[in-house]
Amino acid sequence: IMDRYPSDLNDRVVGDFIWSSYRSNPAIAVNQIGRMSNTGYRDHMYRRTLGNWMERDPAAATAWINANPLPEPVREHIQRELNGSN
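Keep in mind it's a predicted model, so treat the numbers as computed, not measured.

For the rest of this paragraph, the subject is the environment of W53. On the secondary structure map, W53 appears in helix α3 (residues 39-56). Looking at W53, the relative accessible area reads 6%, which means it is buried. For the pair W53 and A27, spaced 26 residues apart in sequence, the C-alpha to C-alpha distance is 8.9 Å. Setting aside anything within four residues of it in sequence, one finds W53 in contact with P26, A27, V30, P58, A60, A61 and W64.

This is the structure in structure tokens:
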């Protein structure tokens, strides 16, 4: 749907889509995060969305994480969370 009007996309639109879809379909939601241009907001969205997904379905979230490239700060954050330290 977001590809239909690419000139209307901005970080807020992408963020709204992610927040409205991550509970029902976290894989679709997390796949859209890479569209964000603000790297701080993008990384925040990865951490929040993946963290929530890890709580709800760790196997599916881990499979997605292992199969997709992530910004290094996000990957490091996830690793710290898995090791039990912040």
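As a further point, take the pattern of salt bridges. One pass over the full model with this rule turns up one salt bridge. Among the ionic pairs, R42 bridges to D43, the shortest N-O distance being 2.9 Å. D43 sits in the buried class, given a relative accessible area of 10%.

Below, the discussion takes up the environment of L9. You can see L9 is positioned in the segment before α1 (11-21). For L9, a relative accessible area of 25% corresponds to the partly exposed category. Each C-alpha atom of the pair L9 and R35 lies 8.8 Å from the other, and the pair is 26 residues apart in sequence.

With 18 residues, α3 extends 26 Å between its outermost C-alpha atoms, agreeing within 8% with the 26 Å of an ideal straight helix rising 1.5 Å per residue. Residues of α3 that are buried include every one of R42, D43, M45, Y46, T49, L50, N52, W53 and M54, and no others. Tucked into the core, α3 has its buried residues touching α1, α2 (26-32), α4 (58-67) and α5 (72-83). Looking at where α3 begins, the residue whose side-chain oxygen comes 3.0 Å from the main-chain nitrogen of G40 is N38.

Glancing now at the packing of α1 against α3. As a packed pair, α1 and α3 sit with axes 12 Å apart at the nearest point and diverge in direction by 0 degrees. Put simply, α1 runs roughly parallel to α3. Facing D11, G15, I18 and W19 of α1, the residues of α3 in contact are Y41, M45, R48 and T49. When the residues that make up the contact of α1 with α3 are grouped by side-chain class, the tally is four nonpolar, two polar and two charged.

This paragraph deals with the confidence of the model for the protein chain. With 90% of its residues at a pLDDT of 70 or more, the protein chain shows a mean pLDDT of 89. α5 is the least confidently modelled element of the protein chain, averaging 90 in pLDDT, while α4 averages 95, the highest of any element.

Within the secondary structure layout, D11 lies in helix α1. Comment: no salt bridge for buried D11; closest opposite-charge side chain is R42, at 8.9 Å. Among the polar contacts listed, one links the side chain of D11 to the backbone nitrogen of N38, at a separation of 2.9 Å. Apart from the residues within four sequence positions on either side, D11 is in contact with R35, M36, S37, N38 and Y41.

Definitions and cut-offs
Residues numbered from 1 in each chain as written. Predicted model: local features only at pLDDT ≥ 70, side-chain atom pairs only at ≥ 80, totals over all residues. Heavy atoms only, no water. Helix = DSSP H or I, 4+ residues; strand = E, 2+ residues; numbered from the N terminus. Buried < 20%, exposed > 50% of the residue type's maximum accessible area, 1.4 Å probe, protein only. Contact = heavy atoms within 4.5 Å. Salt bridge = Lys/Arg side-chain N within 4 Å of Asp/Glu carboxyl O. Expected span 1.5 Å × (residues − 1). Polar contact = N/O pair within 3.5 Å; in protein donor to acceptor, adjacent residues only side chain to side chain. Axes fitted to C-alpha atoms, helices over the stretch in contact; angles between N-to-C directions. Parallel < 35°, antiparallel > 145°, perpendicular 65-115°, else oblique. Nonpolar A, V, L, I, M, F, W, Y, C, P; charged D, E, K, R; others polar. pLDDT = per-residue confidence, 0-100. Lys, Arg positive; Asp, Glu negative; His and termini not counted.

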